[in-house]
Amino acid sequence: MPRKPKPPQKEKITVPVNGRMIEVALYPPSGGRKSWYAYWSDLKSSRSTGQSDLTEAVNAVPDMLQNGGRKSDLTDVVLTDAEFDQIQKTHYSKKTDPEAIKRAESSLVVCMEAITAFRQLTEVSPITLATPEHCELFQRMALKLPTNWRTKYADNGRSRKNKASESTVLISPNTVLKWSRALSAAFERANLNSGAKCVRGVVPKERLLTENPWQQFTWIEGRSRPKRHFDKAELILVLDAFETDWQGVSFAPAFLKVLLWSWARRDEVSRLKWSQLREVGREYHFESVGKWGVRKWFQIPNDLFEEMNMLRRNSPFVFGIYGEQLNEFHLRAGNKSAANRVRAEFRPENLGEWMYRQVSKWSKGLANGTAYLHSFRKTSLQLARHGEDLNRLVATDASLTATVMMDSYTDETDEELRHKSNRMYRRLFAALPVDVASRYGAVVKPSDRLIERLDLARSSENWSEVATVAKALQVEEQMENSVLQL
């Protein structure tokens, strides 16, 4: 008959710690104890190694000696979700300019939305344990989600039409890519090896990541969407619609005109202030700072400036009259409830949202499809390159990207910004028919068409034509100055 196995016995091991040899006694599992316990002279009582196997228990002892007898927790070596989120907040809190702070707050919202979506879909906790496999799975899972996947319906015991008619439209690949870019950037901020992108000082560097899982697999492809531009008839129709349907609300047409001449996003125009005005002779420019902090000037026609000047009140904002005019419109229409919903305090985001809703509502029945405020920016840039093979030059003049030279070696002067603004203005002016240009505040003068000819001759390197037009332009300018002096 085989003998009964001998129960495990107490073991003694010696472990080197900081040049000292520490003798450790290991007590086997017994009774209510399910793991090996360790004891050494610095402890008041033995501590569990958390391991039922002797070999694993021996391996755990050095770590316990380094931590005063405590087993290392996963949170000791891995970034927690709270710490990962704090790294993102610290990154976006570095801005000091008031306008830059607002842009950073908006970007932080997008970043946290992407992080929340990743946590909900993959259930990886903490998020820093995510592998390339998790990231790729997230992209595939997100593509199968309906656009209203986060909507929660209250259970009130009754059948609801909304539940039966839930949207079956899936999240677009471009939205998934937007989340993925935000997540990749978030992981870079917690990556010790990402250079200047890493946010330091929030947690000890030993706990930062050493790689970015988003850089270790092939991403899904985005969906190419048609670019929605306004045609020349629509540019007039949208002004007609506002002037007819919103009589007395004069800020709205002026807002659209500025959008066209500025090739700006709605946020830039909504926040436009009179302090950004730059007058150079008979030219009126505004300086603005757009997405990614890109600085630019844009020129507006003189008649449009006069129209905007008529809106001027005590507010520092160019369109600060928004609430006042909207309130008066609703009161004239006898709609007191709508008037009461208009805030007395001007908020740029409210103005931008109102303009967005009105343009999209107006355009729903158009043959070319629904348009949005961003369509003005697309239209402006399309017009600016109309007839020219100057994509790179137009992008540079529009300050769409910041080059390494501008970032690292040189600064752009006001004079350079003015010349860029002038060139963009002339391109837009030359591309617009006379009737459209005049409706958007630009009066056609003989010198304007000469400048148009000059730019065309210069772009085609027709130097004889350049000389001829330059002389004619000089004569025209002298005539205009003579008239002004009279």
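Residues numbered from 1 in each chain as written. Predicted model: local features only at pLDDT ≥ 70, side-chain atom pairs only at ≥ 80, totals over all residues. Heavy atoms only, no water.

Caption draft 1: Up close: the nonpolar core. Counting residues in hydrophobic clusters, the biggest one holds 60 residues, and the most contacted among them are F251, L256, W261, F319, W354 and M355. Beyond its immediate chain neighbours, meaning those up to four positions away, M355 contacts F242, F251, A252, F255, L256 and L373. Ranked by size, the runner-up nonpolar core spans 36 residues in total, among them F118, V124, W149 and L183. (Core = buried A, V, L, I, M, F, W, Y, C linked by side-chain atoms within 4.5 Å. Buried < 20%, exposed > 50% of the residue type's maximum accessible area, 1.4 Å probe, protein only. Contact = heavy atoms within 4.5 Å.)

Caption draft 2: Representation of unusual backbone geometry within the structure. Cis geometry marks the peptide bond from S125 to P126, where omega comes out at -10°. By secondary structure assignment, the location of P126 is in the loop between α4 (98–122) and α5 (132–142). The backbone of E123 shows a phi angle near 60°, a positive value even though the residue is not glycine. Structurally, E123 can be placed in the loop between α4 and α5. (Helix = DSSP H or I, 4+ residues; strand = E, 2+ residues; numbered from the N terminus.)

Caption draft 3: Geometry of the sheet that holds strand β5 (residues 277–280). Pairing is antiparallel across the open sheet formed by three strands, whose spatial order is β5-β6-β7. Here the strands that pair on one side only, and so sit at the sheet edges, are β5 and β7 (295–300). Between one strand axis and the next, the sheet turns by 30° as a mean value, whatever way the strands run. Pairing of β5 with strand β6 (residues 283–289) involves four bridges; the strand directions are antiparallel. Each residue of the ladder has a partner; that of R278, found in β6, is H285. (Pairing = 2+ DSSP bridges. Axes fitted to C-alpha atoms, helices over the stretch in contact; angles between N-to-C directions.)

Caption draft 4: Fine view of the environment of E477. Along the chain, E477 falls in helix α21 (residues 463–485). When its relative accessible area of 45% is taken as the criterion, E477 is described as partly exposed.

Caption draft 5: Representation of the pattern of salt bridges. Taken as a whole and assessed by the stated rule, the structure comprises 16 salt bridges. Its salt-bridge partner being R418, residue E283 comes within 2.8 Å of it at the nearest N-O pair. In this pair, E283 is assigned in strand β6 and R418 in helix α18 (residues 414–431), connecting sequence segments 135 residues apart. According to the relative accessible area criterion, E283 is buried, its value standing at 16%. Relative accessible area serves as the criterion here: at 17%, R418 is assigned to the buried category. A salt bridge links R418 to E415, with the nearest nitrogen and oxygen atoms 3.3 Å apart. Of the two residues, R418 and E415 both sit in helix α18, three residues apart, roughly one turn of that helix. A relative accessible area of 40% places E415 in the partly exposed class. The structure contains a network of salt bridges with shared partners spanning D81, D85 and R119. (Salt bridge = Lys/Arg side-chain N within 4 Å of Asp/Glu carboxyl O.)

The quantities given are spatial measurements derived from coordinates; they are silent on function.
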